[in-house]
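Residues per chain are reported as follows:
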Amino acid sequence: MAFNFPAFSYIIALIVDAFLIFFSLFHVIAFDELKTDYKNPIDQCNSLNPLVVPEYLLHIFFNVLFVAAGEWFSLLLNIPLIVYHINRYRTRPVMSGLGIYDPTSIMNADVLTRCQREGWIKLAFYLLSFFYYLYGYVIALENAHDHT
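Residues numbered from 1 in each chain as written. Predicted model: local features only at pLDDT ≥ 70, side-chain atom pairs only at ≥ 80, totals over all residues. Heavy atoms only, no water.

Named according to an unreviewed UniProt entry, the chain is Cornichon originating from Asbolus verrucosus. Listed under Sequence similarities (unreviewed entry) in UniProt, the entry text for the chain is "Belongs to the cornichon family." According to UniProt, the comment filed for the chain under the heading Subcellular location (unreviewed entry) is "Membrane". (UniProt positions renumbered as here; feature names shortened; annotations may be inferred.)

Q: Sorry if this is basic, but what is going on with the UniProt feature "transmembrane region" (unreviewed entry) in the chain here?
A: The UniProt feature table records "transmembrane region" (unreviewed entry) at residues 7–31, 56–83 and 123–141. Across residues 7–31, helical content stands at 100% and strand content at 0%; the span's end C-alpha atoms are separated by 36 Å. End C-alpha atoms of residues 123–141 are separated by 27 Å, and the span's content is 100% helix alongside 0% strand. (Helix = DSSP H or I, 4+ residues; strand = E, 2+ residues; numbered from the N terminus.)

Q: When you look at the pattern of salt bridges in this model, what are you seeing that I'm missing?
A: Evaluated as defined, the whole model comprises three salt bridges. For Glu118, the salt bridge identified is with Arg88, shortest N-O distance 3.1 Å. A residue pair is termed long-range when its members are at least 10 positions apart, and Glu118 in helix H4 (residues 109–147) and Arg88 in helix H3 (residues 72–90) qualify at 30 residues. (Salt bridge = Lys/Arg side-chain N within 4 Å of Asp/Glu carboxyl O.)

Q: Whenever I open this one, the side chain of Asn78 confuses me. Can you help?
A: Among the structural elements, Asn78 can be located in helix H3. Polar side-chain contacts of Asn78 include one of 3.3 Å to the side chain of Asn63. Ignoring any residue separated from it by four or fewer positions in sequence, one finds Asn78 in contact with His59, Phe62, Asn63, Phe66, Phe125 and Tyr133. (Polar contact = N/O pair within 3.5 Å; in protein donor to acceptor, adjacent residues only side chain to side chain. Contact = heavy atoms within 4.5 Å.)

Q: Quick question: what am I supposed to make of the environment of Ile79 here?
A: Note that Ile79 resides in helix H3. Overall, the relative accessible area of 37% leaves Ile79 in the partly exposed class. Linking Ile79 and Asn63, residues 16 residues apart in sequence, is a C-alpha distance of 8.6 Å. (Buried < 20%, exposed > 50% of the residue type's maximum accessible area, 1.4 Å probe, protein only.)

Q: Looking at this model, I keep getting lost on helix H2 (residues 41–69). Mind explaining?
A: Given 3.6 residues to a turn, an α-helix orients residues that are three or four positions apart in the same direction. The first and last C-alpha atoms of H2 sit 42 Å apart over 29 residues, in line with the 42 Å expected at 1.5 Å per residue. The principal kink in H2, of about 25 degrees, is found at Val52, preceding the proline Pro54 by one to four residues. The first or second residue beyond H2 is Gly70, which carries a positive phi of 75 degrees. (Expected span 1.5 Å × (residues − 1). Bend = angle between axes of the 7 residues up to and from the residue.)

Q: Looking at this structure, how should I read the confidence of the model for the chain?
A: Note that predicted coordinates carrying low pLDDT should not be read in detail. Of all residues in the chain, 97% have pLDDT values of 70 or greater, and the mean over the chain is 91. Confidence, expressed as mean pLDDT per element, reaches its minimum in the chain at H4 with 92 and its maximum at H3 with 95. (pLDDT = per-residue confidence, 0-100.)

Q: Just to check I follow, could you spell out the packing of H2 against H3 for this structure?
A: Packed helices, taken two at a time, are described by the angle between their axes plus the distance between the axes. At a minimum axis separation of 10 Å, H2 and H3 run at an interaxial angle of 150 degrees. On the basis of their axis angle, the class for H2 and H3 is roughly antiparallel. Relative to H3, the crossing made by H2 is left-handed. On H3, the residues that touch Val52, Val53, Glu55, Tyr56, His59, Ile60, Phe62, Asn63, Phe66 and Val67 of H2 are Trp72, Ser74, Leu75, Asn78, Leu81, Ile82, His85, Arg88 and Tyr89. A per-class count over the contact of H2 with H3 returns 12 nonpolar, five polar and two charged. (Axes fitted to C-alpha atoms, helices over the stretch in contact; angles between N-to-C directions. Parallel < 35°, antiparallel > 145°, perpendicular 65-115°, else oblique. Left-handed = near helix turned anticlockwise from the far one by under 90°. Nonpolar A, V, L, I, M, F, W, Y, C, P; charged D, E, K, R; others polar.)

Spelled out as structure tokens, the structure:
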């Protein structure tokens, strides 16, 4: 069975997507802990903010691989979330460090609800994407096999 660059990009996307699923799951759990007062906002933001930029960079990384592999439909599925990430980071609160979560405003009910909803939506997106990338990997391998 032949191996090609689109198959490689889907394998990388599967691995990275597994990490993104764990990041999203951590966000969902963290906001639930914050909502139920198990942790204070400063500690929670200190644990969440270091994960924001790596999440965004990992997501952009495998989409660059999709561009190089010519997997346009896979890229098209990810563009809305990339645009959302860029906009979310661009409109983040004024902070001294990296991240998007501000301890002074995170406990507002509307901000907390929005962050929780964002975590659940991203978790669902990454889970669905995982299975799509698995499908894309199989199709890429079949296409490579047909061309040899």
